[in-house]
Amino acid sequence: MRIKQVVITNYQSYYGKNVFDFVEGVNIIHGANGHGKTKFFEAIEWIFDDYESNLEGLISQKAVHNEIKEGINVQVSVRMTVSQGNETKTIEKSFIAHKNNESISISRPSLIGIREEETGERYQVDFPKELRSEIFDERIRRYSMFKGETDLKVFESKDALSTLIEMFSDATYLKNYIPKAEYFVGRAENAVTAAGKKNAREEKQYAILSEEIINLRREISDKEKERNQHEINIDKIQSSILKYENIIENAESYQTLSERIRIKEEEISKLQVRVRECENYTQDLFDKNWILVNYKPVFEEYKTKIANVSKTKRRLENEFQQKIGEKKAIENLKNGIIPLPIGAPTRSHMEEMIEAELCKVCNREAPKGSEAYEFMNNRLQEYIEAVEKDMFEKKQLFKHNYINSLTKISDSNDENISNLIKMESKISENFEFVESRKADINKKIEEREKDEAERAKVIGGSKIDVGSAATILRDFKGLNTNIKDENTSLRSLTNIINSKKEKLADFQNQKNNLDIANVAGYLMKTQELLNDVLTITVETTEKEFNNLVIDLEKQANEIFQSTNEGAYTGKIKLYKSKRGNQNQVEFKVLDNFNNPFALNGAQEVLAHTSLLLAISKMVKNEANESYPLILDAPLSTFDSNKYPAFFNSFKENTDQCIILVKDFIKEDENKKISIDSSFYQADIVKDKSLWVKLDENSIENQIETTNSVVIEL
Amino acid sequence: MDKLFDEWKKSTPKYDKNLEHLFKSLTRKGGGAETDREDKGKIFSNNYELYIYAFFLGLYNNKYEELPETAELKDFSHAIQYWGSTKSALRNDFTNIQEYLFMAVIAKTEGIEDDLIELDKGKKTVEAIKKRLHVTMQNYTNGGLLLLEKKIQEENLDITIGTSMLDLILQSKQETENILSEA
């Protein structure tokens, strides 16, 4: 069917008579928002719409304002002329409005159908609605006319597609024979059984056999259904696996590499933790006392200072004591040497040395009576006296002993200071350690990157990132497990079915033998024949439907790929399933891993139009007739660079289409609108273009002055 | 026994309020706030760490900068005896540093010898000694803080580099040696 002409008269924004002539191929109607594009689309829809409401609202306001006067009739009509086969057919829907006492009265809409045969004979048909269905069957129209992008989502209904496919399946007519065939098969079996039963002698055995056969058949049929489901599952999984295998050429090496990468990553993070622990430099100034790295000279200063103070104190003490006991002091002050403090060496040490007659300080003998012996003895006496004297004579220069505590600090830290000297080398060791660990980390990172690059190669040229690769592999492994399970189930089911079939064949043989003996040969043959007919009918119907689905999916993908110009946008997938006896077809766009592919608005429109075009092609093939596609403003989500591919796909896949677009219209500074020159680029295919725009005399916001006009470009 | 160190560490030294900004920008006060975004890049866990750091930095670089007479002095109410007692899963105790601070201030307080004699004689009070020691400590710290401020503000020291503070201390060794050889 081709739309040759649409004439819109006084309908909505179309005032007066507006003629749209169309050609084969791509017809583009430009129109800015509010200039009449959608009104055109609605006018066509109106022809096919039998629910009439608000007819008054359909009258051109300009016509209401200018034309309708007392006694004058105004006709509102939409007429479509098409060529179909060798005939030209016109369908016109119209109503008359006229003014009656200041109010508008409207006649019932009428439908007129005109058929013009090849011979040139032209006549008005008696049943215009039939002609209308002939022109554009409602079921086909559903897949031919789309308003906006959301309309396109009709494909997302599982039943919508299967209805359409069934409609065009060559075997549809066969489907009607299935119940009949089943009925006759049943009748034949009953007839055979009834005849077989006639022999009373074998009646009991025959009944048992018949019963067993029925049961076995039911069981086999159940098991076959089950097996069929497994086969479908296996097919699905298989196709998924194939897709995965494109990506993962070698799953084994992928896995090995992934494991290597994982181990490297673990090593790297362990090293990083160690480095971090060693890199708390500021903290370690305190926690590891690194801040004391330069402390040694300070300590030496302290030590010297405190030693001097201590010495001064003792000297002063001595001088003080001297003043107290001048005489004794003079004796003690030999050669101006400051004696050790009283009590050093200790009393017990002194007693020990006197007893041994040996000075253990200078390691010299001090025999009894010698000067040295006497010195030691005197010193001990002096100490004893001093202690005793202290008991009653408390007179001292120094009351406190703070200096002594400072000396103690000095003494106790002597050893620690030697550690401070090592501090510097410890710090540089730490640095070296950190540096060498960092070098290790870098080396490991390099190795990991190498492995990653290798793994990327294994993944292949797909755009899958390495992150999702892990998921892919997991899924891939899962699929392999699934298919193993499915195959196991399938094998066991097949075994069960085979053994049941053997049993069935055996029973049937036994029954046949009885039948041959008892039933007339023609009855047996009839039964066989009817059985064959049923089998052929069922299988052909199913096969035909499947073929159509497969074909449709293939076609849709071809179109989809070509409109996407090589960009990867997933694959259109049509899933056939069964609900009861009813076939269902589900439309999905999936990525290579059978996950839903996230399409953007434009891609979604392209996916839907691809399927739409595939359907259109299928309709053409199956029904031997093509129908025009009419799309209103499907491109709002499009970038202009998508247009050539989009229009081209229509050019290549349909015989006729009418696309209404708001694009390619530009407005200059004076608000004058014109068609943008980019539309005339060679890569935008169009066989005809029209432009609907508001008449220049239209005044904005005064609906009674506005009317759309159609201009052929 | 009379322990000067025990007495000394009970006190809290002060710093110039004008340098408070260094404490605010370089330390994470109150501990436990390490995840606080504002504290990112703050390198000392608390005020006394910066104080100790500044003291040693001043000490090693011989930056003895007397606090201006008019300076308003601040402290952070945390006596020396608690400094470094932060043992946790992440940190070690470093209270031993208190003694090194003490030795250093003794070593660097000029003429403290006489005072110590007087102290033992009972002619000077512990308080008076502590006061003198604090002046030393505060002036070295002041010197260290000023040096740090200069490094950051004028020499663009990048404090976000982990080694920045350690490096300043390590560099001071050269300074110390130069000073010693001059002496």
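Cut-offs used in this document
Residues numbered from 1 in each chain as written. Chains lettered and ligands numbered in written order. Predicted model: local features only at pLDDT ≥ 70, side-chain atom pairs only at ≥ 80, totals over all residues. Heavy atoms only, no water. Helix = DSSP H or I, 4+ residues; strand = E, 2+ residues; numbered from the N terminus. Buried < 20%, exposed > 50% of the residue type's maximum accessible area, 1.4 Å probe, protein only. Contact = heavy atoms within 4.5 Å. Arc of directions from axis to C-beta. Core = buried A, V, L, I, M, F, W, Y, C linked by side-chain atoms within 4.5 Å. Domains from an automatic or database assignment. Buried area = accessible area lost by both parts, 1.4 Å probe. Salt bridge = Lys/Arg side-chain N within 4 Å of Asp/Glu carboxyl O. Polar contact = N/O pair within 3.5 Å; in protein donor to acceptor, adjacent residues only side chain to side chain.

Naming follows an unreviewed UniProt entry, where chain B appears as Glycoside hydrolase family 15 of Formosa algae.

The name an unreviewed UniProt entry assigns to chain A is DNA repair exonuclease SbcCD ATPase subunit, from the organism Formosa algae.

Here's the deal with the environment of F136 of chain A
Residue and element names in this part refer to chain A. Tracing the backbone through its elements, the reader meets F136 in the loop between α3 (128–135) and α4 (138–141). Judged by relative accessible area, F136 falls into the buried class, the value being 1%. Between the alpha carbons of F136 and Q84 there is a distance of 10.0 Å; along the sequence they are 52 residues apart. Residues in contact with F136, not counting those within four places in the same chain, are M1, F48, R141, S144, M145, Y627 and P628.

With respect to α3 of chain A
Every α-helical turn comprises 3.6 residues, leaving residues that sit three or four positions apart pointing alike. Residues and elements named next belong to chain A. Residues of α3 that are buried: P128, L131, R132 and I135. Buried residues of α3, seen end-on, are gathered within an arc of 105° and therefore sit on one face of the element. Buried residues belonging to α3 abut α1 (37–48), β4 (73–84), β5 (87–100) and β7 (110–116).

Considering the nonpolar core
What tends to happen in soluble globular proteins is that the nonpolar side chains get buried as a cluster. Counting 88 residues, the largest nonpolar core has V6, F20, F40, M80 and F647 of chain A as the members making the most contacts within it. Broken down by element, this core gets its largest block of residues, 10 residues, from helix α18 (residues 601–623) of chain A. Both domains that meet at this core, namely domain 1 (2–136 + 629–712) and domain 2 (172–248 + 466–590) of chain A, each give it at least three residues. Setting aside its immediate chain neighbours within four residues, F20 of chain A contacts K4, Q5, V6, I8, Y14, I29, F40, L690, V692 and V710 of chain A. Core analysis: the next-biggest nonpolar cluster, separate from the first, contains 81 residues, M423 of chain A together with L4, F5 and L145 of chain B among them.

Considerations on unusual backbone geometry
Phi is positive for Q12 of chain A, which is not a glycine, with a value near 50°. One can find Q12 of chain A in the loop between β1 (2–11) and β2 (14–21). Phi at S77 of chain B is positive, roughly 45°, even though this residue is not glycine.

As for the interface of chain B and chain A
You'll often see interface size given as the accessible area lost when the parts meet. The partner chain A presents 43 residues to the 49 residues of chain B that form the contact. Summing the contributions of chain B and of chain A, the shared interface buries around 4200 Å²; its carbon and sulfur component is 68%. The tally of links between chain B and chain A comes to 3 salt bridges. In this structure, R91 of chain B engages D287 of chain A in a salt bridge whose closest nitrogen and oxygen atoms are separated by 2.7 Å. In this assembly, chain B and chain A are joined by 17 residue pairs in polar contact (both at pLDDT 80 or more).

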